Amino acid sequence: MLWTANPFGNFFSNFRAGLVMIALQLWTFFSIINYYSFITGNNVELSFFTPLIYIPFISILGFNYYTLDYLDLWKSYNYKFDQLPKRKNIIGSWIASLIIIIIILITGNFLFSFYCLDQKARKEQTGSYAPEIVAKERRKDSLQKAQQIEKLKKIYGEDKK
């Protein structure tokens, strides 16, 4: 007899869906923080020890637990959508496509917010674009190039001339 039943039920599907929801909500939160830093010029320090991280993260986890796990409303909606006629299912397909487009926009917005911060850092010469860091990198690159030239001279025997 073949065992075809999933011993975990829908746990992994629910877990992945919850993980995606959390990621999208966190990306939206971090995008807002990035845009705030970009527009106002105030750099926001994000670390695991600041309440600015804990409050939204706990809120997101609580919201997702309550809506996805505790209430389980999505299961009844899923069952109702399975019972719909073909014409209404096509409308549901368009709605699902719209949701996918929204997910792509959230991801693009998240990446664009980091691009904006990078452009601001280049313009103001802060972070990894600070003059002292750039000079240090140039010295390191020059030293590496000089070492490579010395190695090539040894390989081709030009160091003995």
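The coordinates are above.
Analysis parameters
Residues numbered from 1 in each chain as written. Predicted model: local features only at pLDDT ≥ 70, side-chain atom pairs only at ≥ 80, totals over all residues. Heavy atoms only, no water. Axes fitted to C-alpha atoms, helices over the stretch in contact; angles between N-to-C directions. Helix = DSSP H or I, 4+ residues; strand = E, 2+ residues; numbered from the N terminus. Left-handed = near helix turned anticlockwise from the far one by under 90°. Contact = heavy atoms within 4.5 Å. Nonpolar A, V, L, I, M, F, W, Y, C, P; charged D, E, K, R; others polar. Expected span 1.5 Å × (residues − 1). Buried < 20%, exposed > 50% of the residue type's maximum accessible area, 1.4 Å probe, protein only. 1 Å grid on protein atoms, 1.4 Å probe; cavity = no way out; pocket = protein on both sides within 12 Å on 5 of 7 lines; lining within 4 Å. Points joined across faces, edges and corners; volume = space filled by probe spheres on them. Salt bridge = Lys/Arg side-chain N within 4 Å of Asp/Glu carboxyl O.

Caption draft 1: Highlighting the packing of helix α1 (residues 11-40) against helix α2 (residues 51-70). Across the interface, α1 lies against α2 with an axial gap of 10 Å and an inter-helix angle of 145°. The element α1 and its partner α2 pack so that their crossing is right-handed. Contacts between α1 and α2 involve G18, M21, I22, Q25, L26, F29, F30 and I33 from the former and L52, I53, P56, F57, I60, L61, F63, N64 and L68 from the latter. For the contact of α1 with α2, the class distribution of residues is 14 nonpolar, three polar and no charged.

Caption draft 2: Fine view of α1. For α1, which comprises 30 residues, the first-to-last C-alpha distance of 43 Å matches the rise-based estimate of 44 Å (1.5 Å per residue) to within 8%. Those residues of α1 that sit buried are G18, I22, L24, L26, F29, S31, I33, N34 and S37. In this structure, the buried side of α1 is in contact with α2 and α4 (86-124).

Caption draft 3: Examining the layout of surface pockets more closely. Considered as a void within the structure, the largest pocket measures approximately 780 Å³ in volume. Looking at the largest pocket, it is lined by 24 residues, and the ones nearest its centre are A17, G18, M21, L68 and W74. Among the elements that take part in the lining of the largest pocket, α1 stands out by supplying 10 residues, more than any other. When its residues are assigned to classes, the lining of the largest pocket shows 18 nonpolar, five polar and one charged.

Caption draft 4: Structural context of the pattern of salt bridges. A full pass over the atoms with the stated rule returns one salt bridge. A salt bridge links R122 to D118, with the nearest nitrogen and oxygen atoms 3.1 Å apart. On the criterion of helical spacing, the pair formed by R122 and D118 is a turn pair, its members being four residues apart in helix α4. Residue R122 is classed as partly exposed on the basis of its relative accessible area of 47%. Given the relative accessible area of 25%, D118 is considered partly exposed.

Caption draft 5: Expanded view of the environment of R16. Note that R16 resides in helix α1. Placed 101 residues apart in sequence, R16 and L117 show a C-alpha to C-alpha distance of 30 Å.

Caption draft 6: A look at the side chain of N64. Of note, N64 is situated in helix α2. For N64, a relative accessible area of 4% gives the class buried. Setting aside residues up to four positions removed in sequence, N64 forms contacts with G18, M21, I22, Q25 and D69.

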